[in-house]
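Architecture at a glance
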Amino acid sequence: MLRAGQIIHLLVIATLCLAVIAVHSADMRMGGPRFEMSSIFTSRHVIYAGIAVIAMLLASRLNLREAMSVRWWLNPLVWLLAGSLALVALAMVPGVGVQFNGARRWLRIPGLGDINFQPSELTKWAIVLVLAWWCAKKHEVMHRFFRGVLPALCIVGFAAALVVMEDMGTAALMGVVAIILLVAGGARVWQIMLLVPPALALAVGAVIMKPHRIERLMTYLHPWDDMQGAGYQITQSFVSFAEGGFFGAGLGNGVQKMGYLPTNTSDFLFAVIGLELGMAGVLLVVGLFLAMMWTGLSIVKRCPDKFGRLVVLGIVATLVLQALINMAVVTGLVPTKGIALPLLSAGGTGWIVTAAALGLVSSIDNANHIDAELAEEPEPALPSAALSVSATQFD
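So, here is what we can say about the structure in this document. (Residues numbered from 1 in each chain as written. Predicted model: local features only at pLDDT ≥ 70, side-chain atom pairs only at ≥ 80, totals over all residues. Heavy atoms only, no water.)

1. What about the packing of aromatic side chains?
This structure, assessed with the given rule, holds four aromatic pairs. The interplanar angle of 90° and the centroid separation of 5.3 Å between the aromatic rings of F145 and F146 together place this pair among those described as edge-to-face. When the centroid spacing of 5.7 Å and the interplanar angle of 35° are considered together, the rings of W224 and F238 count as tilted. With W224 in the loop between α9 (211–221) and α10 (232–244) and F238 in helix α10, this residue pair connects regions lying 14 residues apart in the sequence. Accessibility expressed as a relative area gives 47% for W224, which makes it partly exposed. The exposure class assigned to F238 is partly exposed, which follows from its relative accessible area of 23%. (Phe/Tyr/Trp six-rings, centres within 6.5 Å; stacked < 30°, edge-to-face > 60°. Helix = DSSP H or I, 4+ residues; strand = E, 2+ residues; numbered from the N terminus. Buried < 20%, exposed > 50% of the residue type's maximum accessible area, 1.4 Å probe, protein only.)

Given below as structure tokens:
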């Protein structure tokens, strides 16, 4: 019988296979190069998917519990977060970071041509690990605001404030996941509620700071008023789902992807899946994420240590909430924001780092099974000669 960690592996591989097919189909263009099936196996996306699977398998062999015995400034989790934040700041430097669609979120990897790296993807997962470590380390005082909650909030606040300058969607996701972890780690709900007013004020300030965010908000309220301008992308997404219907137009047969639907391989890939695979494809994607969530929560229930439970909970919450936000954006339920569909939207950084995070979930499940097997092993019986000697000692 498959263990939960092995099921996670299979689900990640299945999702990446769907991603490779969907991204290649969405990338077709009128008048573009002739499409051949053989080109899929040598494409950049297949290489990314292969690296992602390798990263997941390597991460599944790590022992995260060792981080609990390392002091603060020597802890690799702390350095992981600090390094990722330094890269986020570096990506904002003009001339260093790569700008796309008005946002400067990427760094060019030297020697690899036009291949970029998105540091905020790494920060998103690093903050989960650091918060889980903090809550487990300070579990006895997590109900106290100044000793338990406030230091954690300072870490999250600094990271979110840095990320929100160029990536509001990821910053909001980090904040929501942080609240979930803090409450699960022992913080009082009323302590978190005290932070709602300043958080809303910061969110409003972040929107006002970037004029295009105000435009997105107005487009969300009235998407059909400017179909050829600000509302073009979301209305084309609506048209894609409408044309797909229940059975879809067929893989490779979608018309909206032929230069009509912007960012159709990344943020709006879900619309292309709905266009070509119909409701069946949409349900397949939703089913994959629900299966990951269900399997991850089953690991949380069986995990004996708080650190492991919080790590798995944070990873599962980040994955599911990001998928939910992307689907809500593509279907027009929330304002448009640049947040990818995890493990599906094109992007090497997202695939690799997300797969590695889910590999950590598998590693915790492996540790749980090892602990359970050790607990079930009976104590070795003493040899009969030793028993006779012990009996004579008490005669």
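2. Concerning the pattern of salt bridges
By the definition in use, this model includes three salt bridges. Between E121 and K124 there is a salt bridge; the shortest N-O distance is 2.9 Å. Of this pair, E121 and K124 both sit in helix α4 (residues 119–137), three residues apart, roughly one helical turn. Classification of E121 by relative accessible area gives buried; the value is 8%. On the basis of relative accessible area, K124 is assigned to the buried category, the value being 3%. With its nearest N and O atoms 3.4 Å apart, the salt bridge here joins D365 to R302. Here D365 is found in helix α13 (residues 348–376), whereas its partner R302 is found in helix α11 (residues 269–302), with 63 residues between them in sequence. Its relative accessible area of 0% is what places D365 among the buried residues. (Salt bridge = Lys/Arg side-chain N within 4 Å of Asp/Glu carboxyl O.)

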